[in-house]
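What the coordinates show
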Amino acid sequence: MTCAEFQEQVAALALGALDSEEAAACQAHLAEPVAHTGCAEALARANATTGRLADALPPVRPGDAVWRGIEARIGAEAAPPSRGALRETVAWALAAAAAVALYITASARVDAEKRAEQGVVMTDQARESEAARQRCRIELESLRGAGEMEREAIALLAQPGTRAVSLAPVAGAPHRATAIVNAAAKRAIVVSSAMPAVEGKDYQLWVIRGQKAPQPAGFLRPTARGLSIGEIDRKLLEAAMPEQLAVSLEPAGGAPTPTTVLVAGPVKS
Amino acid sequence: MTVPRPSAAPAGPPARDRALVADAARGVAAALRALYDRHAGRAMAIALRILRSRTEAEDVVQDTFVEIWRRAADYDEARGGVPAWVATIARTRAIDRRRSRDSAARATAGAKAEPEPDRGPEPIELAEKRQDRERVAEALAALPAEQRTAVELAYFEGLTQREIAARTGDPLGTVKTRVRLALVKLANLLAPVEGGSA
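Contacts between the two partners involve 66 residues from chain B, matched on the other side by 52 residues from chain A. Buried area between chain B and chain A, both sides added, is near 5700 Å², and the carbon and sulfur share of it is 60%. Our enumeration of links across chain B and chain A arrives at five salt bridges. Notably, a salt bridge pairs Arg162(B) with Asp19(A), separated by 2.6 Å at the nearest N-O pair.

In total, this model carries 23 salt bridges over all chains according to the counting rule given. A salt bridge links Asp17(B) to Arg38(B); the nearest nitrogen and oxygen atoms lie 2.7 Å apart. Of this pair, Asp17(B) sits in helix 1 (residues 13–25) while Arg38(B) sits in helix 2 (residues 29–51); the two residues are 21 residues apart in sequence, bridging distant segments of the chain. Taken together, the shared-partner salt bridges in this structure form one network comprising Arg73(A), Asp63(B), Glu67(B) and Arg93(B).

Let us look at the environment of Gly16(A). Note on placement: Gly16(A) falls in the loop between helix 1 (3–15) and helix 2 (20–31). Distance in space between the C-alpha atoms of Gly16(A) and Thr260(A) is 9.3 Å, their sequence separation being 244 residues.

Structurally, Thr178(A) can be placed in strand 2 (residues 177–182). Along the sequence, Thr178(A) and Val165(A) sit 13 residues apart, while their C-alpha atoms lie 5.5 Å from each other.

What follows deals with the pairing of strand 7 (residues 244–251) of chain A. All names here are of chain A. Along strand 7, seven of the eight residues are buried, which leaves the element largely enclosed by surrounding structure. Bridge analysis of strand 4 (residues 201–208) against strand 7 gives eight bridges, and the strand direction is antiparallel. Note that in strand 7 the partner of Trp206 across the bridge is Ala246. The sheet contact formed by strand 7 and strand 8 (residues 260–266) spans six bridges and is antiparallel. Residue pairing in the sheet places Gln244 in a bridge with Pro266 of strand 8.

Cut-offs used in this document
Residues numbered from 1 in each chain as written. Chains lettered and ligands numbered in written order. Predicted model: local features only at pLDDT ≥ 70, side-chain atom pairs only at ≥ 80, totals over all residues. Heavy atoms only, no water. Contact = heavy atoms within 4.5 Å. Buried area = accessible area lost by both parts, 1.4 Å probe. Salt bridge = Lys/Arg side-chain N within 4 Å of Asp/Glu carboxyl O. Helix = DSSP H or I, 4+ residues; strand = E, 2+ residues; numbered from the N terminus. Buried < 20%, exposed > 50% of the residue type's maximum accessible area, 1.4 Å probe, protein only. Pairing = 2+ DSSP bridges.

Below you can see the structure in the form of structure tokens.
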């Protein structure tokens, strides 16, 4: 897509009036690391204009119970997450991975010290190692509760050649996700802290290759930590990495083609 | 544990909104209440226009502000002002809800929307908001009828260009041109006036 072609569609993109494939193609164009000629500015102007359309309607006061419901729901939640799904996800994952590495290192050191010190009072180094081992054990205990897919994501992040790619929101949608991609391992795991559960709906994953129709590639599932996480169907990555990944919101159980694409982004390096 | 306190309120509606969002991101519930007081009427109007059901619209408003609370840290001023952000969230949720409801309604053909309680809109506008509303309404009225229809079907009913073409019977290319030209004209008509707020 050229910048001129993108700007032809920017009004429809801002209105949310593009098909999912068209919207994904526009987002992919914006994400391209090339010198764009005014694309972001055109989209910002279009978003600003469409944002004003709501002003055409006279405001309507919601019933008093609405605020009470909001208060009850936010009162039951922790403080909002810090800015940036990518930073949050990677920081959490790296901290956990570091805990794993430290546990392994500390554990080995303690074992070595015990072998060397048979029956003798532990050295300072051994005491420090033991303290580190206990801290790591506590981290691991929390990690055990994190779920298999979160541990898979941590392990994938630690592999050489893994990239974390931001999946950008489509048409002003308030969503974001990160794809943890390793082409050599032929794996991609999508993580989001910004896709709250919707009753009766599923967040569906898609693989997009060129102009072909998006292929269904799995689902994001909520975790106890408030993340949504899911792995791209590995069979779809065996031949080659796709150009793009996308996430849409579908009726429970998914759909054969995407209806409401929320985020999309290029993953092929 | 110290409770986050609101920051000092700078002058001007956009700056005030940004400060409230920043405070909400820090966990200041009073900031969310202030955002609610300022923008719930807008979110309710959009949701009600799309869903035609007060109960469902109120559910959407509740979901909207809970989402704002959760995502306040992700608010990006470059993507538009806070009112547009609130409107986008409310509109997206309302459209999703309506599509889900319509799918269920197709399975029970003839089902009617929940009857509206006879309350009617309550005037909570300040004079400047009324002026904004009139300006946008005038801008929409200034569009050629076909362009206005295309914009309204896209924005208030969540139709894609392809669906608009199917609804109106017009060629897809014609619909695309109307959408593009309509937004260019609206942008010119709604450009900030000298000394006014954007």
